[in-house]
Amino acid sequence: MSVVAQLSLICMVCLASEGLAAVLPFPLPASVLGMLLLLILLFGRAVKPRQLQQTADFLLGNMPLFFVPACVGIIRYTDVLFRNFWAIVLISLLTTPLVFFVTGHVVQLTMKWMRRKEGAKS
């Protein structure tokens, strides 16, 4: 699949997720819906990972460029950040261990699931 076709497929998934997010009766970010749609397409074997490999590698390789607008926003609103400094620090200190804990358990569960799946194939 050509790079243009790969990028078109990714853009179509993004567009579909934007439309879906607009009609859902509850708020859900279109980016999350897009990832779920792509996951469904991959698990349903409608799209194979190798069909998106070139474009995905390019996007991952240039990911730092996607953070430039966020950094500019941080610089632009430093006064707001300084006013809420202690709240941000407190939230960060409370949620970081929680994210580590949940991520560790999900990885352990996934590894157990994969070992069972390999054992069933043998």
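Up top is the structure these notes are about.
Note that the structure is a prediction, hence the values are computed from the model and not measured.

Caption draft 1: Geometry of the pattern of salt bridges. Summed over the entire model, instances satisfying the criterion amount to one salt bridge. The partner of Arg83 in a salt bridge is Asp79, and the shortest N-O contact between them spans 3.9 Å. Placement of both Arg83 and Asp79 in helix 6 (residues 78-83) is noted, with a separation of four residues, approximately one turn of the helix.

Caption draft 2: Structural view of a nonpolar patch on the surface. Together, Val32, Met35, Leu36, Leu39 and Phe43 give the surface a local cluster of nonpolar side chains, amounting to about 500 Å² of exposed area. By the secondary structure assignment, Phe43 is in helix 2 (residues 30-43).

Caption draft 3: Focus on the packing of aromatic side chains. This model, assessed by the stated rule, comprises one aromatic pair. Judged by centre distance (5.0 Å) and plane angle (80 degrees), the rings of Phe85 and Trp86 are edge-to-face. Relative accessible area serves as the criterion here: at 38%, Phe85 is assigned to the partly exposed category. On the basis of relative accessible area, Trp86 is assigned to the exposed category, the value being 66%.

Scoring rules and cut-offs
- Residues numbered from 1 in each chain as written.
- Predicted model: local features only at pLDDT ≥ 70, side-chain atom pairs only at ≥ 80, totals over all residues.
- Heavy atoms only, no water.
- Salt bridge = Lys/Arg side-chain N within 4 Å of Asp/Glu carboxyl O.
- Helix = DSSP H or I, 4+ residues; strand = E, 2+ residues; numbered from the N terminus.
- Patch = residues over 30% accessible without salt bridge, like charges linked within 9 Å, V, L, I, M, F, W, Y side chains within 5 Å.
- Areas by Shrake-Rupley, 256 points an atom, 1.4 Å probe, with all protein chains shown as cover.
- Phe/Tyr/Trp six-rings, centres within 6.5 Å; stacked < 30°, edge-to-face > 60°.
- Buried < 20%, exposed > 50% of the residue type's maximum accessible area, 1.4 Å probe, protein only.

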